[in-house]
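Chain residues, written in single-letter form:
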Amino acid sequence: MIQRSLMLFSLLITHVVSAQQASPLSLDQAVETALENNREVTIAQKDVQASHDKVTEYRAIGLPQVNGEISFQNFLDIPTQVIPANAFNPMADPNELVGVRFGTDYNATASITVNQLLFDGSYITGLKAARRYPEISNLQLIMKKRDLKFDVTSAYLSAVIAQENIRIVSVNIDTTERLLEQLAGLIEVGVSDSTEYDQLTLNLQRIKNSKAQAERQYELSLMLLKLVMGVELDKDIELSMTFNDLLEDLGANPRDIQGFDPAQRTEHKLMETQIELKDLDLQVQNNMALPSVGAFFQHQQQALRNEFNFFNDDPWYPATIWGISVQVPIWSSFDNKSKIAQKQIEVEKTQEEITLLDRNLQLMANQSLINYQSAADVFLTEKDNLALSEKILNRHLIQYRLGVINSITLTQIQQQHLAAQSSYIGAAMDLVNASVELDKILYNPNE
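Not measured: the values here are computed from a predicted model.

Participant: What should I look at first to understand the overall build of the protein chain in this one?
Facilitator: What the protein chain contains, in helices and strands, is nine helices and eight strands. At 41 Å, the protein chain has a C-alpha radius of gyration far larger than the 22 Å of a compact globule built from 447 residues. Once the C-alpha set of the protein chain is aligned to its principal axes, its extents read approximately 155 × 75 × 40 Å. Within the protein chain, buried positions represent 34% of all 447 residues. Residue pairs at least 24 apart in sequence account for 83% of intrachain contacts in the protein chain once pairs closer than 6 positions are excluded. Within the structure as shown, the protein chain displays about 28000 Å² of accessible surface, and the carbon and sulfur contribution to it stands at 54%. Distance between charge centres in the protein chain, computed from 36 positive and 57 negative side chains, equals 3 Å.

Participant: Looking at this structure, I do not really get the nonpolar core. What am I missing?
Facilitator: Side chains of a nonpolar character, in soluble globular proteins, are inclined to be buried together. Core analysis: the largest hydrophobic core is formed by 59 residues, its most contacted members being Val 152, Tyr 156, Met 229, Leu 239 and Leu 246. For this core, the elements supplying multiple residues, two or more each, are helix H2 (27–37), helix H3 (39–59), helix H4 (121–188), helix H5 (194–229), helix H6 (243–252), helix H7 (266–287), helix H8 (335–401) and helix H9 (407–442). With 13 residues, H4 is the single largest residue contributor to this core. Once residues within four sequence positions are removed from consideration, Leu 246 is found in contact with Leu 157, Val 160, Ile 161, Met 241 and Val 432.

Participant: Even after reading the chapter, I still don't get the pattern of salt bridges, so can you show me in this structure?
Facilitator: As a working rule, side chains carrying opposite charge can pair if their charged atoms are close by. One pass over the full model with this rule turns up 15 salt bridges. For the salt bridge of Arg 167 with Glu 164, the shortest nitrogen-to-oxygen distance reads 2.7 Å. Of this pair, Arg 167 and Glu 164 both sit in helix H4, three residues apart, which is roughly one turn of the helix. Assessed through its relative accessible area of 45%, Arg 167 is described here as partly exposed. Accessibility expressed as a relative area gives 12% for Glu 164, which makes it buried.

Participant: Where do I start with the packing of H8 against H9 in this structure?
Facilitator: The geometry of a pair of packed helices is captured by two quantities: the angle between their axes and the separation between those axes. Closest axis-to-axis distance for the H8/H9 pair is 7 Å, and the angle between their directions is 160°. Between H8 and H9, the angle falls in the class roughly antiparallel. Considering the relative orientation of H8 and H9, their crossing is left-handed. Residues that form the contact of H8 with H9 fall into these classes: 24 nonpolar, 13 polar and five charged.

Participant: Just checking my understanding: could you explain the confidence of the model for the protein chain for this structure?
Facilitator: It should be kept in mind that the predicted coordinates are not to be read in detail where pLDDT is low. Here the protein chain averages 86 in pLDDT, while 93% of its residues score no lower than 70. Across residues 1–20, where pLDDT falls below 50, the model places one contact with residues more than four positions away in sequence or in other chains.

Participant: Would you mind going over the sheet that holds strand S7 (residues 292–305) with me for this structure?
Facilitator: Hydrogen bonds between backbone atoms are what pair the strands of a sheet, whose relative direction is either parallel or antiparallel. One open sheet holds the four strands; their spatial order is S2-S5-S7-S8, and the pairing between them is antiparallel. Looking along the sheet, the strands with just one partner apiece sit at the ends: strand S2 (65–74) and strand S8 (317–327). When strand polarity is set aside, the average angle formed by the axes of neighbouring strands in this sheet is 15°. Pairing geometry for S7 and S8, over eleven bridges, is antiparallel. Its bridge partner being in S8, Gln 301 is matched across the sheet by Pro 318.

Participant: For this particular structure, what's the right way to read H8?
Facilitator: Think of an α-helix as 3.6 residues a turn; residues three or four steps apart then line up on the same face. Across its 67 residues, H8 extends 94 Å between first and last C-alpha, which sits within 8% of the 99 Å expected from 1.5 Å per residue. One or two steps after H8, the chain reaches Gly 403, where phi turns positive at roughly 85°.

Participant: Could you clarify how one ought to interpret unusual backbone geometry in this entry?
Facilitator: At Ser 333, a position not held by glycine, the phi torsion is positive, near 55°. At Phe 334, a position not held by glycine, the phi torsion is positive, near 65°. Structurally, Phe 334 can be placed in the loop between S8 and H8. Given the relative accessible area of 52%, Phe 334 is considered exposed.

Participant: I keep staring at the environment of Ala 428 and nothing clicks. Help me out?
Facilitator: Assignment of secondary structure puts Ala 428 in helix H9. With 49 residues separating them along the chain, Ala 428 and Phe 379 place their C-alpha atoms 6.0 Å apart. Once residues lying within four places of it in the same chain are set aside, the contact partners of Ala 428 are Ile 161, Phe 243 and Phe 379.

Participant: Explanation requested: the packing of aromatic side chains in the structure shown.
Facilitator: The way to describe two aromatic rings as a pair is by their centre distance and the angle between their planes. Going through the model one piece at a time under the given rule, you end up with eleven aromatic pairs. Each ring, one from Phe 72 and one from Phe 310, has its centre 5.8 Å from the other, and the planes form 85°; the classification is edge-to-face. Here Phe 72 is found in strand S2, whereas its partner Phe 310 is found in the loop between S7 and S8, with 238 residues between them in sequence. Taking relative accessible area as the criterion, Phe 72 reaches 45% and is therefore assigned partly exposed. Relative accessible area serves as the criterion here: at 9%, Phe 310 is assigned to the buried category. Members of the aromatic cluster, connected to one another through ring pairs, are Phe 72, Tyr 106, Phe 308, Phe 310 and Trp 316. If you follow Lys 149 out to its NZ or CZ, it ends over the ring of Phe 150, 5.8 Å from the centre.

Participant: It is not clear to me how the side chain of Ser 158 should be interpreted in this structure. Could you clarify?
Facilitator: Within the secondary structure, Ser 158 is located in helix H4. Setting aside residues up to four positions removed in sequence, Ser 158 forms contacts with Ser 221 and Met 429.

Participant: Sorry if this is basic, but what is going on with a nonpolar patch on the surface here?
Facilitator: Together, Leu 118, Phe 119, Ile 124, Leu 290, Phe 297, Trp 322, Ile 324, Val 326, Val 328, Ile 330, Trp 331 and Phe 334 make up an exposed nonpolar region whose accessible area comes to about 1300 Å². Of all the secondary structure elements, the ones that give two or more residues to the nonpolar patch are strand S5 (106–120) and S8. If you tally residues by element for the nonpolar patch, the top one is S8, at three residues. Mapped onto the secondary structure, Ile 124 falls in helix H4.

Cut-offs used in this document
Residues numbered from 1 in each chain as written. Predicted model: local features only at pLDDT ≥ 70, side-chain atom pairs only at ≥ 80, totals over all residues. Heavy atoms only, no water. Helix = DSSP H or I, 4+ residues; strand = E, 2+ residues; numbered from the N terminus. Rg over C-alpha atoms; globule rule 2.2 N^0.38 Å. Buried < 20%, exposed > 50% of the residue type's maximum accessible area, 1.4 Å probe, protein only. Contact = heavy atoms within 4.5 Å. Areas by Shrake-Rupley, 256 points an atom, 1.4 Å probe, with all protein chains shown as cover. Lys, Arg positive; Asp, Glu negative; His and termini not counted. Charge placed at Lys NZ, Arg CZ, Asp CG, Glu CD. Core = buried A, V, L, I, M, F, W, Y, C linked by side-chain atoms within 4.5 Å. Salt bridge = Lys/Arg side-chain N within 4 Å of Asp/Glu carboxyl O. Axes fitted to C-alpha atoms, helices over the stretch in contact; angles between N-to-C directions. Parallel < 35°, antiparallel > 145°, perpendicular 65-115°, else oblique. Left-handed = near helix turned anticlockwise from the far one by under 90°. Nonpolar A, V, L, I, M, F, W, Y, C, P; charged D, E, K, R; others polar. pLDDT = per-residue confidence, 0-100. Pairing = 2+ DSSP bridges. Expected span 1.5 Å × (residues − 1). Phe/Tyr/Trp six-rings, centres within 6.5 Å; stacked < 30°, edge-to-face > 60°. Lys NZ or Arg CZ within 6 Å of the ring centre and 35° of its normal. Patch = residues over 30% accessible without salt bridge, like charges linked within 9 Å, V, L, I, M, F, W, Y side chains within 5 Å.

Below is the structure:
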């Protein structure tokens, strides 16, 4: 029994540990997770929902409005009216007044009123404008998702590069440690002295410091990635993409801006929608000069009592009325004319702004392509420099083992190699950033 319990406990622990282990995370999965968890995207999605509710709210203005009302009054003192006394007694003094009270102590009224807008030019145009507002919210949501997609991509690829930097530095550490082991054997047999050993030990410590810095940079990259993804910062993440995968993706997707069209950018579509809304707003202001027509219907029941007995079978007195009202603007002292002129200027300003936006977008596309091409050239140069530096280092390692050069010369060559590796990693990072920026400017959500 005890053995069975221990076995079950062991299986439970194994299951918990396995569940806690991070499964490899691809770039697409990272983007998908971010779209599900990111707070800014969630807020933008709620704005889309609210914009649809806003349309329903505005549409309701033109639909029947039904209101019910129940009122109760208790006259502690019934109002008094005065009438000439000769109305009751022809012989009375014409100047004599008699106080008379009309009404009952308790009154109750129940009524229902229906209002219906029949015609209002500004409402009809305003409803058209209200129906376009969800388009703005949708476009803003698309922009949020687009920016998030490329923020995640940048953070993910930065972490991949940081991981590669750790691997490169680790290789240098292994090489230097093997040299130290060989040198220790030579010191034991008296072929070499401790100065060489101390020099290599100092160099090894510097390389280990570089590795520690690279590991901190990797942790920071992962933290930034988790922050953008909207997951807990203490969640374990393992990247499925390798540095070689990254280079293959960059090489497999040649980039150009031949098909770039500013009109396909979400910013352009958003401003186009704003122009349409401002034009509709101008039409609303123009329609303010048109008459508006409304109809109403009201039915009420009124109970008049001298005692509080509204629940008895005593009569309730009905009153029913319906009517139509027409409001005709006649003179606004140039107020409406001034507002129309201002809104017309706003439409013209936005038309100029969209032209300026298209020019800036085209400039951004050209600049992004130039930056990408420059970063690609620098990366290829640094890649060749790293290969050449590695060849030089390997040659000097052989010479060091043969005793042709000393540790000081080897240290200088190693430092040169580390500098080449650092430049290579920096160039890779610049290339990734330039690639992400170019992809972002060329991104078309319809494709």
